[in-house]
Amino acid sequence: MFQTLYSYFWWERLWLPANLTWADLEDRDGRVYAKASDLYITLPLAFLFLVIRHLFETYVATPLAGLLNVKEKIRLKATPNAVLEKFYAATTKHPKQADVEMLSKKSGCTVRQVERWFRRRRNQDRPSLLKKFREASWRFTFYLIAFIAGMAVIVDKPWFYDLREVWKGYPIQSMLPSQYWYYMIELSFYWSLLFSIASDVKRKDFKEQIIHHVATIILISFSWFANYIRAGTLIMALHDSSDYLLESAKMFNYAGWRNTCNNIFIVFAAVFIVTRLVILPFWIMHCTVVYPLDLYPAFFGYYFFNFMMVVLQSLHIFWAYLIIRMAQKFITGKARGGLGMARGSQSHRVVEDERSDREETDNSEEEEEAAKNGPLSNGHPVLNNNHRKTD
């Protein structure tokens, strides 16, 4: 049974154009070709990445956070309450009004005390600012190094300047050592992201992130199996070109360097839109959809590869929508009088990650702050929102 499934899975017609077999991609005359067995190394490398990440976050990112004065926000802890804790853990973290009234009777607390307890309890579970900074630092470091390495791998290749060269001689295209390691490191890193996603900071697009990681792993793996290596290196470098900018903007955001963060974010938004919404669909996807048909009839691998490209492109459109929303806030805030520190939270909210949950506040605490610092605006102290640090 297993052997039959194995045979069907590696059937040449699924992976290669007509009249070609795996024998055509066997190493000979000093020419080395991609093999499925090469990817076995990516799993142990992924766990090595997790170890390196832990060491990096402990001995590099944490001291860096101290140098940049990344400060934790003091959170009021929810008082121990067995009734409310049981409901929080077993039912929902966001009780409806009817649930709040029911819990009020069971716990002996007032309705307002129950609502405050759940707000504080949810805040306790939110990741700390230091955790967010450490994660952003790690991803920034990897994406920057990966982008520089990726450009070094492809910048001197003819297909970097002429996309028709991507398919010249396909699939009898030998593999270079630099391409091998670029693929192995990128794929290992995305495996490590998938392994750690449950413990990383969870955002509103958690499901989309999983889809992205899985689609990326499948796309990288498939392009290796089918010897789409030239196209694959272009796609990976294109993706890395903007990711390190976003992570650096987050780092400065957590450190409170708002003007720097805003400026980097604008550069990131421009690079993201140009690379993901212009170059990728109109150059790279045109290259993978149109040019191969000049050389061989469409086959399953051709359709599958381009289907996964469409999945990634759909995610890019979704994230571009969030980026444009943030850019609109930036433009609106700038039009009303600048982005300096005196603008309070206006300039900072520009770079809030639309995917993240915001810190919740207690009405009673706000009222106390109002007594000390002045009137409220929409339930928030007018001049005291500029210290909220969210992703």
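Residues numbered from 1 in each chain as written. Predicted model: local features only at pLDDT ≥ 70, side-chain atom pairs only at ≥ 80, totals over all residues. Heavy atoms only, no water.

The following threshold applies: UniProt positions are given in the numbering used here, feature names are shortened, and annotations may be inferred rather than shown by experiment.
An unreviewed UniProt entry annotates the protein chain as CERS2 synthase of Circaetus pectoralis. The heading Catalytic activity (unreviewed entry) in the UniProt record of the protein chain holds the text "sphinganine + octadecanoyl-CoA = N-(octadecanoyl)-sphinganine + CoA + H(+)".

1. Overview of the packing of helix 4 (residues 82-90) against helix 6 (residues 111-125)
Where we set the bar: Orientation is described by lines fitted to C-alpha atoms, with helices fitted over the stretch in contact, and by angles between N-to-C directions that extend from 0 to 180 degrees. To qualify as a helix, a DSSP run of H or I must reach at least 4 residues; to qualify as a strand, a run of E must reach at least 2; elements of each kind are numbered from the N terminus. Orientation categories follow fixed angle ranges, with anything under 35 degrees roughly parallel, anything over 145 roughly antiparallel, 65 to 115 roughly perpendicular, and all other angles oblique. The hand of a helix crossing depends on one turn: near helix anticlockwise from the far one by less than a right angle means left-handed, and clockwise means right-handed. The contact rule is simple, with two residues in contact once any of their heavy atoms fall within 4.5 Å. Charged means Asp, Glu, Lys or Arg here, nonpolar means Ala, Val, Leu, Ile, Met, Phe, Trp, Tyr, Cys or Pro, and polar covers whatever is left, Gly included.
Where helix 4 contacts helix 6, the axes come no closer than 11 Å and their chain directions differ by 55 degrees. Judged by the angle between their axes, helix 4 and helix 6 are oblique. Both helix 4 and helix 6 take part in a crossing whose hand is right-handed. Contacts from Leu-84, Glu-85, Phe-87 and Tyr-88 of helix 4 reach helix 6 at Val-114, Trp-117, Phe-118, Arg-121, Arg-122 and Asp-125. The residue inventory of the contact of helix 4 with helix 6, partitioned by class, reads six nonpolar, no polar and four charged.

2. Brief notes about the nonpolar core
Going by this rule: We define the nonpolar core as a collection of buried residues of types Ala, Val, Leu, Ile, Met, Phe, Trp, Tyr and Cys that are connected through side-chain atoms lying within 4.5 Å of one another. Partly exposed residues are those whose accessible area sits between 20% and 50% of the maximum for their type, while under 20% is buried and over 50% is exposed, using a 1.4 Å probe and protein chains only.
Within the largest apolar cluster, 72 residues are counted, with the highest numbers of intra-cluster contacts made by Val-166, Trp-167, Trp-224, Tyr-228, Ile-284 and Met-309. Of all the secondary-structure elements, those providing two or more residues to this core are helix 3 (42-67), helix 7 (129-154), helix 8 (177-196), helix 9 (206-225), helix 10 (229-255), helix 11 (258-289) and helix 12 (300-335). Here this core gets eleven residues from one element, more than from any other, and that element is helix 12. In this structure Trp-224 touches Ala-34, Lys-35, Asp-38, Leu-39, Met-175, Gln-179, Tyr-180, Tyr-183, Met-184 and Ile-229, once residues within four positions along its chain are discounted.

3. Some details on the side chain of Gln-173
Our working rule: By the criterion applied in these results, polar contacts are pairs of N or O atoms within 3.5 Å in which, for protein atoms, one can donate a hydrogen and the other can accept it, and in which residues neighboring in sequence qualify only through two side-chain atoms.
Positionally, Gln-173 belongs in the loop between helix 7 and helix 8. In terms of polar contacts, Gln-173 uses its side chain to reach the backbone carbonyl oxygen of Lys-168, at 3.0 Å. In contact with Gln-173, other than residues within four places in its own chain, are Tyr-33, Glu-165, Val-166, Trp-167, Lys-168, Asn-227 and Arg-230.

4. Points about unusual backbone geometry
Trans is the common state for peptide bonds, and a negative phi is the common state for residues other than glycine. A cis amide bond, omega 0 degrees, links Tyr-170 with the succeeding residue Pro-171. Among the secondary structure elements, Pro-171 is positioned in the loop between helix 7 and helix 8. Phi at Asp-29 is positive, roughly 55 degrees, even though this residue is not glycine. Of note, Asp-29 is situated in the loop between helix 2 (12-15) and helix 3. Look at Asn-69: it is not a glycine, yet its phi comes out positive at around 60 degrees. Turning to its location among the elements, Asn-69 is positioned in the loop between helix 3 and helix 4.

5. Remarks on helix 5 (residues 97-107)
Applied cut-off: This arc is taken over the directions from the axis of the helix to the C-beta atoms.
Every buried residue of helix 5 is listed here: Val-100, Leu-103, Ser-104 and Ser-107. Down the axis of helix 5, the sector holding all buried residues measures 110 degrees, keeping them to one side. Residues of helix 5 that are exposed and point over 90 degrees away from its buried face: Ala-98, Lys-105 and Lys-106. Where helix 5 is buried, its residues contact helix 4 and helix 6. Of the residues flanking the end of helix 5, it is Gly-108, one or two places downstream, whose phi is positive at about 80 degrees.

6. A word on the pattern of salt bridges
Spelled out, the test is: Each reported salt bridge corresponds to a side-chain nitrogen of Lys or Arg within 4 Å of a carboxyl oxygen of Asp or Glu.
Inspection of every chain in the model, using the stated rule, returns 13 salt bridges. In this structure, Glu-57 engages Arg-134 in a salt bridge whose closest nitrogen and oxygen atoms are separated by 3.8 Å. Residue Glu-57 is found in helix 3, and its partner Arg-134 is found in helix 7; the two are separated by 77 residues along the sequence.

7. Re the packing of helix 7 against helix 10
It is the contact of helix 7 with helix 10, at a shortest axis distance of 7 Å, that shows an interaxial angle of 150 degrees. By the angle between their axes, helix 7 is roughly antiparallel relative to helix 10. By crossing handedness, the relation of helix 7 to helix 10 is classed as left-handed. Tallied by class, residues from the contact of helix 7 with helix 10 come to 15 nonpolar, four polar and six charged.

8. Things to note about empty space enclosed by the protein
Rolled over the atoms, a probe with the dimensions of a water molecule shows which regions are left empty. Our working definition: A cavity here means a set of 1 Å grid points, computed over protein atoms only, where a 1.4 Å probe fits but cannot escape. A pocket is an open set with protein on both sides within 12 Å along at least 5 of 7 lines, and lining residues have an atom within 4 Å of a point. Grid points are joined across faces, edges and corners, and a volume is the space filled by probe spheres set on the points.
Inspection of every chain in the model, using the stated rule, returns three cavities of 30 Å³ or more. Roughly 130 Å³ of internal volume is contained in the second largest cavity. Taken together, 14 residues form the lining of the second largest cavity, with Thr-216, Leu-219, Ile-220, Ile-235 and Met-236 sitting closest to its centre. Of all the elements in the fold, those that place two or more residues in the lining of the second largest cavity are helix 8, helix 9, helix 10 and helix 12.

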